[in-house]
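Results of the structural survey
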Amino acid sequence: VQLQASGGGLVQAGGSLRLSCVASGRTFSNYMGWFRQAPGKEREFVAAITRTSGSTYYGDSVKGRFTISRDNDKNTLYLQMNSLKPEDTAVYYCAVGRGLATSVTDYWGQGTQVTVSS
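The following refers to the structure shown. (Residues numbered from 1 in each chain as written. Predicted model: local features only at pLDDT ≥ 70, side-chain atom pairs only at ≥ 80, totals over all residues. Heavy atoms only, no water.)

1. Things to note about the nonpolar core
- Formed by 26 residues in total, the largest nonpolar core has its most connected members in Trp34, Val46, Phe66, Leu79, Met81 and Tyr92.
- Of all the elements in the fold, those that place two or more residues in this core are β1 (2-6), β3 (17-24), β4 (31-37), β5 (44-50), β7 (66-71), β8 (76-81), β9 (90-97) and β11 (112-117).
- Once residues lying within four places of it in the same chain are set aside, the contact partners of Leu79 are Leu17, Arg18, Leu19, Trp34, Val46, Ala47, Phe66, Thr67, Ile68 and Tyr92.
- With five residues, the next largest nonpolar core counts Tyr31, Phe35, Ala48 and Ala95 among its residues. (Core = buried A, V, L, I, M, F, W, Y, C linked by side-chain atoms within 4.5 Å. Buried < 20%, exposed > 50% of the residue type's maximum accessible area, 1.4 Å probe, protein only. Helix = DSSP H or I, 4+ residues; strand = E, 2+ residues; numbered from the N terminus. Contact = heavy atoms within 4.5 Å.)

The structure is reproduced here in structure tokens:
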């Protein structure tokens, strides 16, 4: 499985960005999602959606501001990020795995930088 993420950039606080991740290849892993890693910090879970039922999950810090979605026809995963804050600044990675933690992630994308200025 290959994951190609895009859509990062520089935005002012309060602004919005939409990340995309195109997946190629076959996998039986049920979770597709996003993690992020800020400088000097561990990679943290952001959001996920299940391939089978479409159930969604969010990290506490992004609930109510970020929305994850998918387009199965295009094999594409999206992350709509609204009301961005400087603390959202990080490299965002799309991922495919068996759960919501890095320990059960099977495939990683290359990462896309999101920078939120204050």
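2. A look at the environment of Thr52
- Topologically, Thr52 is positioned in the loop between β5 and β6 (56-58).
- Here Thr52 falls in the exposed class, since its relative accessible area comes to 59%.
- Measuring from C-alpha to C-alpha, the distance between Thr52 and Tyr31 comes to 8.7 Å, with 21 residues separating the pair along the chain.
- Apart from the residues lying within four places of it in its own chain, the contact partners of Thr52 are Asn30 and Arg70.

3. A closer look at the pattern of salt bridges
- Scanning the model with the defined rule gives five salt bridges in all.
- In this structure, Arg36 engages Glu44 in a salt bridge whose closest nitrogen and oxygen atoms are separated by 2.6 Å.
- Across the salt bridge formed by Arg36 and Asp88, the nearest N and O atoms sit 2.9 Å from each other. Of this pair, Arg36 sits in strand β4 while Asp88 sits in the loop between β8 and β9; the two residues are 52 residues apart in sequence, bridging distant segments of the chain. (Salt bridge = Lys/Arg side-chain N within 4 Å of Asp/Glu carboxyl O.)

4. Considerations on the sheet that holds β8
- Sheet architecture is open: four strands sit in the order β1-β3-β8-β7, paired in antiparallel fashion. Of all the strands in the sheet, the pair left with one neighbour each is β1 and β7. Neighbour to neighbour, the strand axes of the sheet diverge by 15 degrees on average, direction disregarded.
- Here β1 pairs with β3 via five bridges, running antiparallel. Within β3, the residue paired with Gln4 across the bridge is Val22. (Pairing = 2+ DSSP bridges. Axes fitted to C-alpha atoms, helices over the stretch in contact; angles between N-to-C directions.)

5. Considerations on the state of the cysteines
- On inspection of all chains with the given rule, the structure shows one disulfide.
- There is a disulfide in this structure between Cys21 and Cys94, and the S-S distance comes to 2.2 Å. Handedness here is read from the sign of the S-S torsion; for Cys21 and Cys94, about 55 degrees, the answer is right-handed. Pair noted here: Cys21 is in strand β3 and Cys94 is in strand β9, with a separation of 73 residues, a long-range link. Both residues of the pair, Cys21 and Cys94, count as buried. (Disulfide = S-S within 2.5 Å.)

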